[in-house]
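Each chain is listed here by its residues.
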Amino acid sequence: QKEVEQNSGPLSVPEGAIASLNCTYSDRGSQSFFWYRQYSGKSPELIMFIYSNGDKEDGRFTAQLNKASQYVSLLIRDSQPSDSATYLCAVGTYNQGGKLIFGQGTELSVKP
Amino acid sequence: DTEVTQTPKHLVMGMTNKKSLKCEQHMGHRAMYWYKQKAKKPPELMFVYSYEKLSINESVPSRFSPECPNSSLLNLHLHALQPEDSALYLCASSQKSGEDQPQHFGDGTRLSIL
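Numbers given for residues are sequential positions, taken from 1 along each chain in its written order. As they are written, the chains are lettered A onward and the ligands numbered 1 onward, keeping that order. With pLDDT at 70 or above as the cut-off, local features in this predicted model cover only qualifying residues; side-chain atom pairs require 80 or more to be listed or tallied, and sums for whole chains, interfaces and linings still use all residues. Side-chain numbers here rest on the full set of heavy atoms in the structure, without hydrogens or water.

**Student:** Explanation requested: the pairing of strand S7 (residues 64–70) of chain B in the structure shown.
**Tutor:** Regular strands place their side chains on alternate faces of the sheet. Residues and elements named next belong to chain B. In short, DSSP must find at least two bridges between two strands for them to pair. We count a stretch as a helix when DSSP gives it H or I for four or more residues in a row; a strand needs E for two or more, and each element gets its number in order from the N terminus. Two elements, S7 and strand S8 (residues 73–79), share 5 bridges in a ladder whose sense is antiparallel. From the neighbouring strand, Asn70 faces S8, where its bridge partner is Leu73. The antiparallel hairpin formed by S7 and S8 contains 2 residues in its connecting segment.

**Student:** When you look at unusual backbone geometry in this model, what are you seeing that I'm missing?
**Tutor:** Residues apart from glycine generally show negative phi values, whereas peptide bonds are mostly found in trans. A cis amide bond links Gly9 of chain A with the next residue in sequence, Pro10 of chain A, at an omega value of 5°. Structurally, Pro10 of chain A can be placed in the loop between strand S1 (4–6) and strand S2 (11–14). The peptide bond linking Thr7 of chain B to Pro8 of chain B adopts the cis configuration, its omega dihedral lying at -10°. By the element assignment, Pro8 of chain B lies in the loop between strand S1 (4–7) and strand S2 (10–13). Non-glycine residue Gln70 of chain A carries a positive phi angle of around 60°. Assignment of secondary structure puts Gln70 of chain A in the loop between strand S7 (61–66) and strand S8 (71–76).

**Student:** When you look at the state of the cysteines in this model, what are you seeing that I'm missing?
**Tutor:** Here, the word disulfide means a covalent bond between the sulfur atoms of two cysteines. We call a pair of cysteine sulfur atoms a disulfide whenever their separation is within 2.5 Å. Across all of its chains, the model carries 2 disulfides over all chains by this definition. The side chain of Cys23 of chain A participates in a disulfide bridge whose partner is Cys89 of chain A; the two sulfur atoms lie 2.1 Å from each other. Its S-S torsion of approximately -70° makes the covalent link between Cys23 of chain A and Cys89 of chain A left-handed. Separated by 66 residues along the polypeptide, Cys23 of chain A in strand S3 (residues 19–25) and Cys89 of chain A in strand S9 (residues 85–93) bring together distant segments of the chain. By the burial criterion, Cys23 of chain A is buried, and Cys89 of chain A matches it. Across the disulfide from Cys23 of chain B sits Cys91 of chain B; the S-S distance is 1.9 Å. Only protein chains enter the accessibility calculation, which uses a 1.4 Å probe; a residue is then buried when its area is under 20% of its type maximum, exposed when over 50%, and partly exposed in between.

**Student:** Is there a simple way to explain the interface of chain A and chain B in this structure?
**Tutor:** Accessible area lost during the coming together of the parts is what is often quoted as the interface size. In this description, contact between two residues means that some pair of their heavy atoms is separated by no more than 4.5 Å. Contacts between the two partners involve 25 residues from chain A and, on the opposite side, 24 residues from chain B. Note: buried area is the sum, over both parts, of the accessible area (probe 1.4 Å) each one loses when the two are combined. Each partner contributes to the roughly 1,700 Å² buried at the junction of chain A and chain B, and carbon and sulfur atoms together form 56% of this total. The salt bridge definition used is simple: a Lys or Arg side-chain nitrogen within 4 Å of an Asp or Glu carboxyl oxygen. The shortest N-O distance in the salt bridge between Glu58 of chain B and Lys99 of chain A comes to 2.7 Å. Under the rule applied, a polar contact is a pair of N or O atoms within 3.5 Å (in protein, one hydrogen donor and one hydrogen acceptor; residues adjacent in sequence only if both atoms are side-chain atoms). On inspection of chain A and its partner chain B, the count reaches 7 residue pairs in polar contact (both at pLDDT 80 or more). Elements represented by at least two residues in the side of chain A that touches chain B include exactly strand S4 (30–38), strand S5 (45–50), S9 and strand S10 (100–102) of chain A. Of all the elements, S4 of chain A adds the most residues to the side of chain A that touches chain B, at 5 residues. Any residue that is not Ala, Val, Leu, Ile, Met, Phe, Trp, Tyr, Cys, Pro, Asp, Glu, Lys or Arg is counted as polar, Gly included; the first ten are nonpolar and the last four charged. For the side of chain A that touches chain B, a count of residues per class yields 10 nonpolar, 13 polar and 2 charged.

**Student:** Help me understand the side chain of Ser79 of chain A in this model?
**Tutor:** Residues and elements named next belong to chain A. Of note, Ser79 is situated in the loop between S8 and S9. What makes Ser79 buried here is its relative accessible area of 0%. Within the local environment of Ser79, its side chain forms a polar contact with the backbone oxygen of Ile76, the two atoms lying 3.4 Å apart. Excluding residues within four positions of it along the chain, Ser79 makes contact with Val13, Pro14, Glu15, Gly16, Ala17, Ile18, Ala19, Arg60 and Val110.

**Student:** Please explain the pairing of strand S4 (residues 31–37) of chain B as it appears in this structure.
**Tutor:** Residue and element names in this part refer to chain B. Here S4 lies mainly inside the structure; 7 of its 7 residues are buried. Neither face of S4 is left uncovered, since the one carrying Ala31, Tyr33, Tyr35 and Gln37 and the one carrying Met32, Trp34 and Lys36 both have all their residues buried. Strand direction decides the pairing type here: S4 and strand S5 (residues 44–50), joined by 6 bridges, are antiparallel. Along S5, the bridge assignment pairs Lys36 with Glu44. Linkage of S4 to S5, two consecutive antiparallel strands, is achieved through a turn of 6 residues, within which Lys40 is found at a positive phi near 60°. Strand direction decides the pairing type here: S4 and strand S9 (residues 87–94), joined by 7 bridges, are antiparallel. Paired with Trp34 across the strands is Cys91, a residue of S9.

**Student:** Just to check I follow, could you spell out the sheet that holds S7 of chain A for this structure?
**Tutor:** Strands pair in a sheet through their backbones, by hydrogen bonds, and they do so in one of two ways: parallel or antiparallel. Residue and element names in this part refer to chain A. The antiparallel open sheet is built from 5 strands, whose spatial order is S1-S3-S8-S7-S6. Two strands close off the open sheet at either side, each with one partner strand: S1 and strand S6 (54–58). The mean angle between the axes of side-by-side strands here comes to 20°, regardless of whether they run parallel or antiparallel. Here 5 bridges tie S6 to S7, and the two strands are oriented antiparallel to one another. Across the sheet, Asp55 pairs through a bridge with Gln64, a residue of S7. Comment: axis = line fitted to C-alpha atoms, over the contacting stretch for helices; angle = value between 0 and 180 degrees taken between N-to-C directions.

What follows is the structure in structure tokens.
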């Protein structure tokens, strides 16, 4: 059974701090990794994706991938109250026709 | 605003009704998806269409019937639903189907079954 695991949280950080969200996956055949942000009552919004080991930066967001250890993380620098949301990690595996396996999501709360 | 448009935004229906959810994208994407999401849970894949052909059906009950009339449109026909089918129904699209394709979600239809 392919699994993607995230801490459900809530993860609480003060405004201006770095928020670190982690995700582990069980299938070594996994190729692609996506981070979605979902505000309460809204739909998921794609914020980052990463395919290769290492770091990928986009503004205040950095995705980190370590395939040997089977984890992917999302760092949010200078966290703002508007970053308060649930963050979903999704994993794509070769030859699954586009099916993504989602983690349960981590709820992030940024306190002013 | 998202580039995947879903209508209606809210739908309340009885268990004997027939209704349809609609999804439209104009990004030239050739893969479209239906997901169901319950509160505080991740999205669950229901169907995948690739080049207007159904490529994945995640053992969804027959009371849900998908249709892809053309490359821009995706419908989900609903009939004889149960109260447990109340959820947020999400449409997504990607350039093509594949594990490396970012999927973009619409705003969803919030469905309530009475």
